Structure formats: C-alpha cells, structure tokens
Amino acid sequence: MNKYYALAQAFKTDPFAILTQGGYLCLPISSHAMTTRDTRTPRRLPLFPNTEPSYGRNDRIAKQPTKTSAMDLGQTIKIQSVQDTDTEEFRQIYDLYRRIFTLEEETESFDGLCASMALNGNPDLTRKYGPFQEIWLSARTPEGRLAGGADFNVFILPEQACATVHITYIFSDALCRNAGIGSALLQHIESEARRWVASQGFPMNYPLHVFCEQNAPERMSPEEYRRDAEAAGLDPCQRLIWWHKKGFRRLDTEYIQPPLSPQGIACTNLSLNVKTRKRFFPASIVSGHLRRFFYIAVFKARTSHDAQTEEILRKIEATGSIPVTGSLKEYRELGKRFSLQGRCRAS
C-alpha cells in the first residue's frame, strides 16, 4: 500500500481511489492531474515505460516486418540537416521517403528534389521573393539506423514582416514507430527554421508561421484512401488528429498543389494547415507564402505564370482573412464514417 500512497501523494488524490488495470495507473476524474485531458474519463498512466499506449502519429510509416519496443527515441535521436544531395545520406533518406509516399501526385523524383535544393541561394529568386532556404533533415537512432526524415522550406516575407515554413514531407520508419520521431522532427524543424531566419539578420523571435499539407480524406477516392492508409500504416483521420494535437488547424480555402513536374498532375486531395490559435488567419500571409512555395519549390523557378495557380492566389487574397477550421470531434466523426464505409481500418 505504501507505493500507492506515494503515487497518491504525487497526484494529490486518495490512495484508495487508485486502481491498477492492465499495467496502468487509473486516477479519478477529480485528480489534479486531469487538467490537461478529457475530464469525463479517468486518466490512465502507464506504471511501466513499455506499456505506453499510442495516441496516434503524424508521420507516414514505412512498412516493415518487425518493430522495436515503444521506447521514446525522441529523447536520444540524432537529427541533423542534410544540404548536399550528392551524398549517400541523402540517397538513403530518399529511398525511405519513396517507400512511404506512394500516391503519384504527391511524390517527387530524385532529380526533382535535387533540382529544388539547387535553387538555394539563387540570386535572381532572392531578389524577386526575398531570402529562402530548403532544408532536409535526417533522424538516426543512437545505433546509427535511419529512423526518419523531413523536408521543409523557409521563406522571409518582408512585405508581411514575418517568416513562414512549409513542411513538405515528414516521415519515419516502421521499426521506430510510436517512439517520438515525428514529434522530435517537428520540434527540430521549427528550431532549425528560427536559426536560419536569425542567420539572415532577423531576431530569433521574428514572427514565424508554420504551414503543412495534409491528405484530406473527404477529397480522396476510395483507392487513394486505401493506398495512403496501407503505405502509412496509419488511418489518415488519425493523422489529422495527431497534427491537430500539435496545434495545426485547417484553413478553409481552396487549395490545389500544382504538378511537381511538367509531366505530373495537380494534387487536389490536400488541405492547407497552419499552426495557430486564431479563428481567422491573414489571407495576405497565406498568399505570399504560397506564391513563394509554388514558384520556387514546386515550379522550380519557372518564370512564366501558371493560370490555375494565379487564380487560386487571387481568390485567397480577395478574402482578407481565412476561417480556421477542424476539430478533434470532426476528425473522429470523419474516421467513423470512413470506417463504416469500409474504406479504412477501424482505429
């Protein structure tokens, strides 16, 4: 009973109210520790480290035959930037990326990624759009295994007195799933972006807005949904929940990503998301950010204007401010609907 009394002291509750079920510590609803969770249900805390339940992931997961234990690699993972595409490190990241991203319209060729990275420091583009940088990250375990990676762009928007980040890809290997890799990469993206912004002569606290794209289940065909879920090892609705818990919200605006190559097709099943607590987000920042992302990272410095892209940007600018949408309830209901339709596995 002494150990339960000690636990009760730590959580400010009655020791006799503590029950253990399946290796978990169950606290009553009135517990002080309940302030950050749904107060309608007791909080279940693992008594042993390796019994931590999964609350979902943001990243795509490469399918593998086995997996490691649920240790939190996020605390010990080694993350570093990879700027040279002519290295074995970059090739390994690309190989992992291609095993995970399978939808034709969302994948980039190796040459395409190299061409995009080669634009870093381009003087003509810098004069036209302001400073920008594309950065790849690799995440390795303490033993040196490639655990995941990320690709993102940072833009300075002088006309908006802010900087923006566009997270294009973030992913992890199935052998390292549920180990905090996605969270560690996401945190590193923002800190790396702030360091780069500071290197351009701006303060570390310069306003920074982080954007990402997400597959929108309601815009996907049954086949796209199935392929996405199988390649990721994760229900797309659960992925939306993960991002929502990280502070990202959907922007209620039309979003179509142009083709990644001249032979490619536009991606129409995406939503644009931004990390914010506001109910409305300035359309001028969204437009300025997307103009840079589309013409630099997607079109690879194409000089001629794209009619469809210009129409989308015009519509965004005309709104003044964009409603911020999305909720955990909405995503959970969406997941139930797809599950009932047999288009995804039950969570």
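Since we're looking at a predicted model, the values are computed, not measured.

**Topic: unusual backbone geometry**
Most peptide bonds take the trans form, and the phi angle of most residues other than glycine is negative. With a phi angle near 55°, A161 is a residue other than glycine that sits in the positive phi range. Among the structural elements, A161 can be located in the loop between β7 (146–157) and β8 (162–173).

**Observations regarding the side chain of H244**
Among the secondary structure elements, H244 is positioned in helix α7 (residues 236–245). Filtering out sequence-adjacent residues up to four positions away, H244 remains in contact with R249, G326, S327, L328 and Y331.

**Quick word on the packing of aromatic side chains**
Across all of its chains, the model carries 18 aromatic pairs by this definition. Between the aromatic rings of Y97 and Y169, the centroid separation amounts to 4.7 Å while the plane-to-plane angle is 65°, which identifies the pairing as edge-to-face. Of the two residues, Y97 sits in helix α2 (residues 88–100) while Y169 sits in strand β8, which places them 72 residues apart along the sequence. Seen in terms of ring centroids, F211 and F281 are 5.8 Å apart; in terms of plane orientation they differ by 90°. Their pairing is edge-to-face. Of the two residues, F211 is situated in strand β9 (residues 208–215) and F281 in strand β12 (residues 280–282); the sequence distance between them amounts to 70 residues.

**Remarks on the nonpolar core**
In terms of nonpolar packing, the biggest core is built from 49 residues, with W136, F171, F211, L251, F281, V286 and L290 touching the most fellow members. At ten residues, helix α8 (residues 283–298) tops the list of elements feeding residues into this core. When neighbours within four sequence positions are excluded, V286 is seen to be in contact with F211, L251, L272, F281, I316 and I322. Of all hydrophobic cores here, the second largest spans 30 residues; its members include I170, L186, I189 and W243.

**So, the pattern of salt bridges**
According to the stated counting rule, one finds 14 salt bridges in the structure shown. Here E108 and K300 are joined by a salt bridge, their closest N and O atoms 3.1 Å apart. A residue pair is termed long-range when its members are at least 10 positions apart, and E108 in the loop between α2 and α3 (110–117) and K300 in the loop between α8 and α9 (307–319) qualify at 192 residues. Look at E108 and you get buried, because its relative accessible area is 7%. The shortest N-O distance in the salt bridge between K275 and E190 comes to 3.4 Å. Of the two residues, K275 sits in strand β11 (residues 270–275) while E190 sits in helix α5 (residues 181–199), which places them 85 residues apart along the sequence. Take E190: its relative accessible area is 25%, and that puts it in the partly exposed class. Overlapping salt bridges bring together R99, R145 and D173 as one network.

**A closer look at the packing of helix α6 (residues 222–232) against α7**
The interhelical angle for the contact between α6 and α7, taken along N-to-C directions, is 65°, at an axis separation of 9 Å. Across the interface between the two elements, Y225, D228, A229 and A232 of α6 pack against P236, C237 and R239 of α7.

**Brief notes about the pairing of strand β13 (residues 321–325)**
On any regular strand, side chains alternate: one points to one face of the sheet, the next to the other face. Residue alternation in β13 divides its side chains into a buried set, I322 and V324, and an unburied set, S321, P323 and T325. When strand β10 (residues 248–251) meets β13, the two strands line up antiparallel, connected through two bridges. Of the residues in β13, the one forming a bridge with L251 is V324. The pairing of β12 with β13 spans three bridges and is classified as antiparallel. If you follow F280 over to β13, its bridge partner there is P323.

**Side note on the pairing of β10**
As defined by bridge partners, β10 adjoins β11 across three bridges and the pair is classed as antiparallel. When the bridges of β11 are listed, R249 appears paired with V274.

Thresholds, definitions, all that
- Residues numbered from 1 in each chain as written.
- Predicted model: local features only at pLDDT ≥ 70, side-chain atom pairs only at ≥ 80, totals over all residues.
- Heavy atoms only, no water.
- Helix = DSSP H or I, 4+ residues; strand = E, 2+ residues; numbered from the N terminus.
- Contact = heavy atoms within 4.5 Å.
- Phe/Tyr/Trp six-rings, centres within 6.5 Å; stacked < 30°, edge-to-face > 60°.
- Core = buried A, V, L, I, M, F, W, Y, C linked by side-chain atoms within 4.5 Å.
- Buried < 20%, exposed > 50% of the residue type's maximum accessible area, 1.4 Å probe, protein only.
- Salt bridge = Lys/Arg side-chain N within 4 Å of Asp/Glu carboxyl O.
- Axes fitted to C-alpha atoms, helices over the stretch in contact; angles between N-to-C directions.
- Pairing = 2+ DSSP bridges.

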